[in-house]
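Below are the chains, spelled out letter by letter.
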Amino acid sequence: MNAINKMGFPRGGNSVVRGLALLAILLAAILIAHPRDLTAAAKAPATAKTTNDGVYTADQAKQGNVVYSTDCSNCHMDDLSGSGQAPPLAGDIFMANWEGRTVGDLFDTTRNTMPMNQPDSLTAKQYVEIVAYVLQANGFPAGKEELKSDSQALKSIIIQQKKSK
């Protein structure tokens, strides 16, 4: 059995074990010295936007309506009410399916599955315009900045029930 030195490490023991023990002590010291900083960072909510924050432009939704009419309305209907296997893209059923999820989820699902016979056949710009149109059709307000077609950025926008006035 190895003797223990003043620091609590085995004398003459494995250097990897000593290194890991020293690392553990250093991490514990950091946690003790700065508990507020680490706790605040861990508990800080993401500064996510919601669909009530005007995350698309009216022009973007208008262009999305054009793309939707050409590429989506055959299945999802002109009024976005859905038909058969094509779910509604507006109204209570849409909100029941999408509330709490992100605009990035909606964008990715649309891009990866639509049009049903040719998924991912439109441009990223066209898909984000369709998403803007769907948001508009669900009564979410337009804003001053366009939605970006960056899936990760879209994941910071939560689909949230419209605010009541």
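Right above here is the structure, for reference.
One structure accompanies this document, and this report is about it. (Residues numbered from 1 in each chain as written. Predicted model: local features only at pLDDT ≥ 70, side-chain atom pairs only at ≥ 80, totals over all residues. Heavy atoms only, no water.)

**Considerations on the pattern of salt bridges**
Okay, so step 1: Within this structure, the stated rule accounts for 4 salt bridges.
Okay, so step 2: A salt bridge links Arg111 to Asp108; the nearest nitrogen and oxygen atoms lie 3.3 Å apart. Of this pair, Arg111 and Asp108 both sit in helix α6 (residues 103-113), 3 residues apart, which is roughly one turn of the helix.
Okay, so step 3: Taking relative accessible area as the criterion, Asp108 reaches 13% and is therefore assigned buried. (Salt bridge = Lys/Arg side-chain N within 4 Å of Asp/Glu carboxyl O. Helix = DSSP H or I, 4+ residues; strand = E, 2+ residues; numbered from the N terminus. Buried < 20%, exposed > 50% of the residue type's maximum accessible area, 1.4 Å probe, protein only.)

**Here we look at α6**
Okay, so step 1: Residues of α6 that are buried: Val103, Gly104, Leu106, Phe107, Asp108 and Thr110.
Okay, so step 2: Summarising the contacts, the buried residues of α6 are in contact with α5 (92-98), α7 (124-137), α8 (151-154) and β2 (157-158). (Contact = heavy atoms within 4.5 Å.)

**Digging into the nonpolar core**
Okay, so step 1: Tyr56, Val103, Leu135 and Leu147 are the most contacted members of the largest nonpolar core, which totals 29 residues.
Okay, so step 2: Breaking this core down by element, the ones donating at least two residues are α3 (58-71), α5, α6 and α7.
Okay, so step 3: Considering every element that reaches this core, the biggest residue donor is α7, with 8 residues.
Okay, so step 4: Residues within four places of Val103 in sequence aside, it is in contact with Thr51, Val131, Leu135, Leu147, Leu154, Ile157 and Ile159. (Core = buried A, V, L, I, M, F, W, Y, C linked by side-chain atoms within 4.5 Å.)

**Some points on the side chain of Asn138**
Okay, so step 1: Its location among the elements puts Asn138 in the loop between α7 and α8.
Okay, so step 2: Look at Asn138 and you get buried, because its relative accessible area is 4%.
Okay, so step 3: A polar contact of 2.9 Å, which involves the side chain of Asn138, links it to the backbone nitrogen of Gly91.
Okay, so step 4: Here Asn138 is in contact with Leu89, Ala90, Gly91, Phe94 and Lys162, once residues within four sequence places are set aside. (Polar contact = N/O pair within 3.5 Å; in protein donor to acceptor, adjacent residues only side chain to side chain.)

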